[in-house]
2 protein chains.
Amino acid sequence: MTVELISVGTEILMGSIVNTNAAFLSAGCASIGLSIYNQQVVGDNPDRLSDAINLALGRADTVIITGGLGPTEDDITMQTAASVMGKGLVEDAHTREHIGNVLKNSIYKDNITDNNWKQAMVPEGAIVIDNRNGTAPGIIMERGDKALILIPGPPNELEVMFRKDIKPYLMARNPKAIFSRTIKLCGIGESQAETKIIDLIDAQDNPTVATYAKTGEVQIRITASADTEDAAKELVKPVAKEIKSRFREDVYTVDADCNLEDVVVEMLDKKGLKIVTAESCTGGLLAGRLVNVSGASEVFSQGFVTYSNKAKRKALSVDKAILKKYGAVSKETAKEMAKGAILASDAEVGVSVTGVAGPEPSEGKPVGLVYIGCYYRDKVTVKEFMFRGNRQKIREQAVVMALDMVRRRIIEDDK
Amino acid sequence: MTVELISVGTEILMGSIVNTNAAFLSAGCASIGLSIYNQQVVGDNPDRLSDAINLALGRADTVIITGGLGPTEDDITMQTAASVMGKGLVEDAHTREHIGNVLKNSIYKDNITDNNWKQAMVPEGAIVIDNRNGTAPGIIMERGDKALILIPGPPNELEVMFRKDIKPYLMARNPKAIFSRTIKLCGIGESQAETKIIDLIDAQDNPTVATYAKTGEVQIRITASADTEDAAKELVKPVAKEIKSRFREDVYTVDADCNLEDVVVEMLDKKGLKIVTAESCTGGLLAGRLVNVSGASEVFSQGFVTYSNKAKRKALSVDKAILKKYGAVSKETAKEMAKGAILASDAEVGVSVTGVAGPEPSEGKPVGLVYIGCYYRDKVTVKEFMFRGNRQKIREQAVVMALDMVRRRIIEDDK
């Protein structure tokens, strides 16, 4: 079954708001195996919205429209959708009562204007869905095997309505089950990753295999459809196994909800290890990323941001002679920083980052040159990286590679 | 002149990523007075992309396509766009050289695969734009009075290319001159800000006035169109003056390219002051944000990430008795942290953050409660905040408010 989304709202077309509703609904549909091939955004304009609905209904089984269901003059979604479906609007007594109840408990109770009752007008014959967090109802209109669904735009109204009412409705309508698995890799480029599995990508039919690039990471998604979820899972399984065997330690997780920092924190936690960070060019972003994980306090108590040479000397006891001889951006300084952080804290794993984030070269060293050190079990390993991109991008890549280095070091030690 | 956007990417249709590029480009077009009436999202599928391009070119003067310009098999935007325009692909020698240069300086230098060179293939006769932050070039194809523009999807590549190359191109094609000015505010909510200038928003015609909310910030954009840029500027000027006088110190800049951290770093630099950070719940994000500014080393040498109580005691000399009596999330601890950071560094301004980022309450204190301390000239001021949102959002708001507190403290001291 295919679904299309239409988002209605001039504020999206003006770039005033990001269309997070589309991402929420798309992910929700994908999670129950519905394919979305097209999304559209239009403003609060009846002609353009009619065109968009007709186009979408011509292509997809189900069309979901969000936004433009408010009480004001420029909210034209209900009227327009009804007229595309050849229906008039009639007052829904239950919705009118619901609106009355909501308003009399609201801050607007002394200013209930006539246009509020407009939201009780629904297409004749439609399925009407109560709005748990507002006044505008949700609407489902069916015509043959097609369905047109209207959901109010405010995210807190939309999300709960999708979860509780629309999703079950869609699942009941969908004859096919879908299963997809995401394999997340780190420390390998997208084209290099693709080259390794090009035969699987080319052979794809069911399941399909696709790669996606994130900063410093690659994700591979395997998706199969079948009559039952179990059957779809069975189709995905051998392909996932083959891909994992080709990438081995480049794979950091097969859990779609899990990030690199989650994996690192979990690994440390399992081994009862604490980590300490010593950052120069990343300036706190590595520590900040570890603290993204809500259980981070189990493994992270302290971090050092030593941007100047003086701070490196004072907080991390980096030898003045080493800074002078090799410079702040050097293998030797990265080594000293990781060791110094260990000495100044109660952690067992120390990770250090020093580099040139730009925009100008520093100490005669090029923009993008970064050294990452990792201290664990009396041994410091340092890797040299040459990242490309702007200041922000270089720092983000350095953070990812630092996390990855810790991950690989612990795996290696386990062998 | 009307513009349409087409975003290409299965990951958008799957809801794996939010389409922030569309919001960025829409806002960018709006800022130069271009109208967008439709946006589309399609997957990496040649037929559906062809249909989307033909539909958009039928409606708009200019069509911008983003995404699907990577080196892999499923990146089909270049080939598809060229064939819609009736063009073949030819190798662009300059782009091939650029790709070679980028790759030989990258971490993938030992694994350059053949598919990388695919990105040097461009439509014959097209304007080719160098990618400052990557390998995929931007493309402009003109046909009569229509233009089809391709921009790579990674936000850091897209944003700089739009600003430096595409925006000037669009402005040159647009017969009307547009001038817009952005006033950036901090420490005030969007609805509160809107209420203060609702008369100006309602009266809008030319210039128009619009507010946009960012995390912890509000931006007000005033846009005028006229026959010349100077004439448009003159229309904007009195409105900008009026708005600035209404918000006074809430305004942190009127420079659209300037961020809050830029302002703070510049203020400190002008006064020859150094700043030190002491972070608990923000875990390094505040320091990381200061280091976003490329001249940060002039004012920032060191930061402390003290996540555990032990680290607060050890690195910042926070009194054990205070931690015991008031807890880590308290006015008193925030005060001690800011003072301790000053004592442990050579900075004159100390800023501390301690709070409950969630998802669980801590020490019996609610999620969202954050204390921010600011030490300057022998005085520590502490403010209590109650932020809403998830863990990430709470931490981001805390970082913004910490920067704003430093900014206001210095302004106050100047009086």
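This text goes with the structure placed above it.
All of these numbers come straight from a predicted model, not from anything done at the bench.

**Student:** Just checking my understanding: could you explain the pattern of salt bridges for this structure?
**Tutor:** For side chains bearing opposite charge, pairing can occur when the charged atoms are close. Scanning the model with the defined rule gives 37 salt bridges over all chains in all. For Asp404(B), the salt bridge identified is with Arg408(B), shortest N-O distance 2.8 Å. Here the residue Asp404(B) and the residue Arg408(B) both occupy positions in helix H15 (residues 391–414), the gap between them amounting to four residues, near one helical turn. Within this structure, Asp250(A), Asp404(A), Arg407(A) and Arg408(A) form a network of salt bridges that share partners.

**Student:** Can you help me understand the packing of helix H3 (residues 46–59) of chain B against helix H4 (residues 77–84) of chain B in this one?
**Tutor:** For any two helices packed against each other, one specifies the crossing angle of their axes together with the interaxial distance. Residues and elements named next belong to chain B. Closest axis-to-axis distance for the H3/H4 pair is 10 Å, and the angle between their directions is 50°. By the angle between their axes, H3 is oblique relative to H4. Note on packing geometry: the crossing formed by H3 with H4 is right-handed. Residues Pro46, Leu49, Ser50, Ile53, Asn54 and Leu57 of H3 lie in contact with H4, whose contacting residues are Thr77, Thr80, Ala81 and Val84. When the residues that make up the contact of H3 with H4 are grouped by side-chain class, the tally is six nonpolar, four polar and no charged.

**Student:** Teacher, can you tell me more about the interface of chain A and chain B here?
**Tutor:** Interface size, as often reported, equals the accessible area lost upon joining of the parts. Each side of the interface is counted separately: chain A has 79 residues, and chain B has 77 residues. Between chain A and chain B the total buried area reaches about 6,000 Å² when both faces are included, carbon and sulfur atoms providing 54% of it. By the criterion of area lost to chain B, the three top residues of chain A are Leu13(A), Tyr307(A) and Arg388(A), representing 10% of everything that side buries. Across the chain A-chain B interface, the total number found is two salt bridges. When the shortest N-O distance is used, the salt bridge between Lys310(A) and Asp346(B) registers 3.4 Å. Where strand S14 (residues 300–306) of chain A lies against strand S14 (residues 300–306) of chain B, five bridges are found, and the strand directions are antiparallel. Bridging from a neighbouring strand, Phe304(A) pairs with Phe304(B) of S14(B).

**Student:** How should the packing of helix H10 (residues 260–270) of chain B against H15(B) be read in this particular structure?
**Tutor:** All names here are of chain B. Interhelical geometry of H10 versus H15 gives an angle of 35° and a closest axis separation of 10 Å. Taken as a pair, H10 and H15 cross one another with a handedness that is left-handed. On H15, the residues touching Leu260, Glu261, Val263, Val264, Met267 and Leu268 of H10 are Val400, Leu403, Asp404, Val406, Arg407, Ile410 and Ile411. Tallied by class, residues from the contact of H10 with H15 come to ten nonpolar, no polar and three charged.

Cut-offs used in this document
- Residues numbered from 1 in each chain as written.
- Chains lettered and ligands numbered in written order.
- Predicted model: local features only at pLDDT ≥ 70, side-chain atom pairs only at ≥ 80, totals over all residues.
- Heavy atoms only, no water.
- Salt bridge = Lys/Arg side-chain N within 4 Å of Asp/Glu carboxyl O.
- Helix = DSSP H or I, 4+ residues; strand = E, 2+ residues; numbered from the N terminus.
- Axes fitted to C-alpha atoms, helices over the stretch in contact; angles between N-to-C directions.
- Parallel < 35°, antiparallel > 145°, perpendicular 65-115°, else oblique.
- Left-handed = near helix turned anticlockwise from the far one by under 90°.
- Contact = heavy atoms within 4.5 Å.
- Nonpolar A, V, L, I, M, F, W, Y, C, P; charged D, E, K, R; others polar.
- Buried area = accessible area lost by both parts, 1.4 Å probe.
- Pairing = 2+ DSSP bridges.

By themselves these figures say nothing about function.
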